[in-house]
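As a plain string of letters, each chain reads:
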Amino acid sequence: MRWILRPLSLDLRGLAALRILMGVLVMLDALVRSSDLIAHYADSGVLPRSVLLTEFSNPYHFSLLFLSGQPLWVGLCLLVYGCAGLALAFGWRTWWSTLVAWLLMLSLHNRNPVVLNAGDVYFRVLLCWGLFLPLAARCSLDRARSLTGFKPAANWSEQEVLTGGSVGLVLQVVLMYVCTAALKTSTEWWPEGTAVWYAITWEQFTTPLGDWLQNFPELLRWLTWGVYGVEWVGPLLLLCPFWHVWIRTIGVLLLISLHLGLILTMELGFFPWICIAVLLSLFPKEIWDWLSSRNWLRQVPAENLILYYDQDCGFCRRMVGVLREFVLFGRAEIQPIQADPVVHALFDNEAPSSWVVQQGEHYAFAGEGLWLVLQQSPWSAWSTRFLSEVKTLALLESLYAWVVRHRPQLGRSTAWIGSRPFPPKAVPNQYLSTVALVLVVLVVGYNLRYSFFKEVPLPSSVKTLFAALRLDQYWNMFSPQPSKDDGWFVMEGELRDGTPIDVYRLQPGEVSFEKPDDPSAYYPNQRWRKYLMNLWLKKYKDYRLHYGRYLCRRWNSRETERERKLTAFRIHFILERPGLPGQPAKPTEKRTIWRHECFKKEG
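Residues numbered from 1 in each chain as written. Predicted model: local features only at pLDDT ≥ 70, side-chain atom pairs only at ≥ 80, totals over all residues. Heavy atoms only, no water.

Caption draft 1: Region of the structure containing the overall build of the protein chain. A count of helical and extended segments in the protein chain gives 27 helices and eleven strands. C-alpha atoms of the protein chain, sized along the principal axes, occupy 90 × 60 × 50 Å. Residues classed as buried in the protein chain amount to 53% of the 603 residues present. If you take every contact in the protein chain between residues at least 6 apart in sequence, the share linking residues at least 24 apart comes to 75%. Between the centroid of the 60 positive side chains of the protein chain and the centroid of its 50 negative side chains there is a distance of 5 Å. (Helix = DSSP H or I, 4+ residues; strand = E, 2+ residues; numbered from the N terminus. Buried < 20%, exposed > 50% of the residue type's maximum accessible area, 1.4 Å probe, protein only. Contact = heavy atoms within 4.5 Å. Lys, Arg positive; Asp, Glu negative; His and termini not counted. Charge placed at Lys NZ, Arg CZ, Asp CG, Glu CD.)

Here it is as structure tokens:
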């Protein structure tokens, strides 16, 4: 029966890759958000806390950023968020770093929902599932700092795990694609095949390659049907238990190719990268075995090494663990020198050395041990064939001697890595697995309800739980059809002395209503693009007042002269709708979506 459930299992090396990539993406997310720290998250920005909490916030939403709207507090939260991503990438106190990253991500999302996109929803859901997965079981500092010597995993049960978390992650990926395909109900997807045409003529998102592809409408028709088909077929291939390795691999590659196409043709922020990160974790065990094949990576005969360390030297133990995990990818055994009498005797004769490296019947010390490690490492094995062994050994001996001389200082500077008695478990405890299985049932039901059975009522308790955990999800990307409302903003203002000003660009002078050379470059980043495009929608019209107040504050806070103060402005959206392939675009329309007076008394 196990073969039927195998599609719901995950390889530990794939989970390690997912952890590393999610950590990197968290750091990048923190960096991008920090560039708009005040504008998007402080009380002096586009959405003060007093406004959010009284007019827009869900009472079940939690955010640490509700505690203060001062830039210093927001900056501290972003710093901790980025540090949690760094800890997650290296697998240091992995479960806690995942929890901190998830809580701070929820805090940021709940603080300003207007700048969010589908990638944000997917990311926070994946981080939540990460709490129920053995993300640290391979290639992590948590494994490196284990006090227990252990041998490399060699069988299926040690590399592939089936838990509530693995079931949840696999089904979450499947649901995301199936639901977005199910919501694509317009004729632009089928049978017309014009959806991709409309998507890449949306110039606010289009890349140069996307612009070039507009010259091939027939190709775009086939690409539309291809995208639609992959979103239906790809997830089914992921769950197929027959010929699991090949069918699953084909499904993963098809979905990755879909997102690579999005990256090349549209600027969608982190969304396609997040999707690729989680898809990589779905490769079956046999693919990871092939990728980690010693003959393929090293191109040299290889034997498992045994790294012996001095158990009285905390720094030595930590560094041997780090080498094993991150340089040798776990393909080595680690043991204390004192556990083997023969090695201990050899060690006593090599006073300057703090470790022994065994390869077969050969024992190496100091720099020679580093040379053996380099020969066995996937990172460097290929290059050792081109290096002079004599010169490289001399360099490594010098490096090792420097480490020995500075071992006390290095020991203190790496003490934060810490130690743990046993390696991270490959299977989470039964309580986490039980919670994960309950969430699996709820998440599946939630997605099916909103995508297939909209007439079925959803219990209020489920809505409350999903709002609190931010597991609420609705995968309507480009659904039911791509938006046909393209265009650009013009913000026409006037100073007290009558001088006209471009409020958006902070440039005095008459504004231009001409189309920008590159509409996608009009916005500083993906967050501003999403925010301003949301303001165009009627759903977000109540946010326009607070954006207007922010624009007034932004200009007037930098001007000391009364006559140079901004008094009023208008926000125009120049609406442009593309025609069908081969037909000219419709004439542009100037829509004034907001008029603002900076010194008008409230109420």
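From this point on, the discussion continues.
Caption draft 2: Representation of the state of the cysteines within the structure. What the rule picks out here adds up to two disulfides. Each disulfide pairs two cysteine sulfurs, and for C313 the partner residue is C316, the sulfurs being separated by 2.2 Å. Residues C313 and C316 share a disulfide whose torsion about the S-S bond is about 75 degrees; that sign makes it right-handed. Residue classification places C316 among the buried positions, given a relative accessible area of 8%. Disulfide pairing places C552 opposite C598 at an S-S distance of 2.0 Å. (Disulfide = S-S within 2.5 Å.)

Caption draft 3: Structural context of the sheet that holds strand β9 (residues 507-508). Across the sheet, five strands lie side by side as β9-β8-β7-β10-β11; this open sheet has antiparallel pairing. This sheet does not close on itself; its edge strands, each paired only once, are β9 and β11 (589-597). Against the sheet, helix α26 (residues 526-536) contacts β7 (486-495), β10 (566-576) and β11, and its axis sits at roughly 85 degrees relative to β7. (Pairing = 2+ DSSP bridges. Axes fitted to C-alpha atoms, helices over the stretch in contact; angles between N-to-C directions.)

Caption draft 4: Fine view of the pairing of strand β6 (residues 362-365). Inspection of the sheet shows strand β5 (residues 355-359) paired to β6 by four bridges, in the antiparallel sense. Bridged to V357 within β6 is A364. Hairpin geometry of β5 and β6 is characterised by an intervening segment of two residues between the two adjacent antiparallel strands and by a positive phi of about 65 degrees at G360.

Caption draft 5: Molecular detail of unusual backbone geometry. Of the consecutive residues W190 and P191, the connecting peptide bond is found in the cis state with omega at 10 degrees. With respect to the helices and strands, the residue P191 is situated in the loop between α10 (164-182) and α11 (195-200). Even without being a glycine, C139 presents a positive backbone phi close to 50 degrees.

Caption draft 6: Main features of the side chain of S186. The topology assignment puts S186 in the loop between α10 and α11. When its relative accessible area of 10% is taken as the criterion, S186 is described as buried. Here the side chain of S186 touches E188 through a polar contact of 3.0 Å, side chain to side chain. Apart from residues lying up to four places away in sequence, S186 is in contact with P480 and Q481. (Polar contact = N/O pair within 3.5 Å; in protein donor to acceptor, adjacent residues only side chain to side chain.)

Caption draft 7: Quick look at the nonpolar core. Within the largest apolar cluster, 116 residues are counted, with the highest numbers of intra-cluster contacts made by Y122, F489 and Y547. Not counting chain neighbours up to four residues away, the residues in contact with F489 comprise Y522, Y523, L532, M533, W536, I571, H572, F573 and I593. (Core = buried A, V, L, I, M, F, W, Y, C linked by side-chain atoms within 4.5 Å.)

Caption draft 8: Looking closely at helix α2 (residues 12-34). With 23 residues, α2 ought to run about 33 Å at 1.5 Å a step, and its terminal C-alpha atoms sit 33 Å apart, in line with that. For α2, the N-terminal cap is D11; the gap from its side-chain oxygen to the backbone nitrogen of R13 is 2.8 Å. (Expected span 1.5 Å × (residues − 1).)

Caption draft 9: Representation of the environment of W243. You can see W243 is positioned in the loop between α13 (217-239) and α14 (244-265). Sequence separation between W243 and A436 is 193 residues, and the spatial gap between their C-alpha atoms is 28 Å.

Caption draft 10: Representation of empty space enclosed by the protein. Enumeration over the complete set of coordinates arrives at three cavities of 30 Å³ or more. In this structure, the largest cavity encloses a volume near 50 Å³. As for the largest cavity, its lining consists of D29, N117, G119, D120, F123, F270, F271, I274, Q526 and R527. Of all the elements in the fold, those that place two or more residues in the lining of the largest cavity are α7 (118-130), α15 (271-280) and α26. Here the element with the most residues in the lining of the largest cavity is α7; it accounts for three residues. (1 Å grid on protein atoms, 1.4 Å probe; cavity = no way out; pocket = protein on both sides within 12 Å on 5 of 7 lines; lining within 4 Å. Points joined across faces, edges and corners; volume = space filled by probe spheres on them.)

Caption draft 11: Main features of α10. Compared with the 27 Å implied by 1.5 Å per residue over 19 residues, the 26 Å span of α10 between its first and last C-alpha is a close match. The buried fraction of α10 is high, at 18 of 19 residues. The N-cap residue of α10 is T163: its side-chain oxygen and the backbone nitrogen of G165 are 3.2 Å apart.

Caption draft 12: Structural detail: the packing of aromatic side chains. Under the criterion given, the structure shown has 28 aromatic pairs. Taken together, a centroid distance of 4.9 Å and an interplanar angle of 65 degrees make the contact between W212 and F216 edge-to-face. Judged by relative accessible area, which is 47%, W212 ranks as partly exposed. Assessed through its relative accessible area of 34%, F216 is described here as partly exposed. Three or more aromatic residues joined by ring pairs form one cluster here, namely Y446, Y450, F466 and Y474. Its guanidinium or amino end placed over the ring of Y198, K484 lies 4.6 Å from that ring's centre, counting from NZ or CZ. (Phe/Tyr/Trp six-rings, centres within 6.5 Å; stacked < 30°, edge-to-face > 60°. Lys NZ or Arg CZ within 6 Å of the ring centre and 35° of its normal.)

Caption draft 13: Looking closely at the sheet that holds strand β4 (residues 332-336). One open sheet holds the four strands; their spatial order is β4-β3-β5-β6, and the pairing between them is mixed. Each end of this open sheet is capped by a strand with a single partner; those strands are β4 and β6. Between one strand axis and the next, the sheet turns through 25 degrees on average, direction left out of account. With respect to the sheet, helix α19 (residues 341-348) is in contact with β3 (305-309), β5 and β6, its orientation differing from that of β6 by roughly 40 degrees.

Caption draft 14: Spatial organisation of a nonpolar patch on the surface. Residues L209, W212, F216, L219, L223 and L264 make up a contiguous nonpolar surface patch of roughly 540 Å² in combined accessible area. Elements with a contribution of two residues or more to the nonpolar patch: α12 (208-213) and α13. As for its placement among the helices and strands, L209 is situated in helix α12. Overall, the relative accessible area of 32% leaves L209 in the partly exposed class. (Patch = residues over 30% accessible without salt bridge, like charges linked within 9 Å, V, L, I, M, F, W, Y side chains within 5 Å. Areas by Shrake-Rupley, 256 points an atom, 1.4 Å probe, with all protein chains shown as cover. Salt bridge = Lys/Arg side-chain N within 4 Å of Asp/Glu carboxyl O.)

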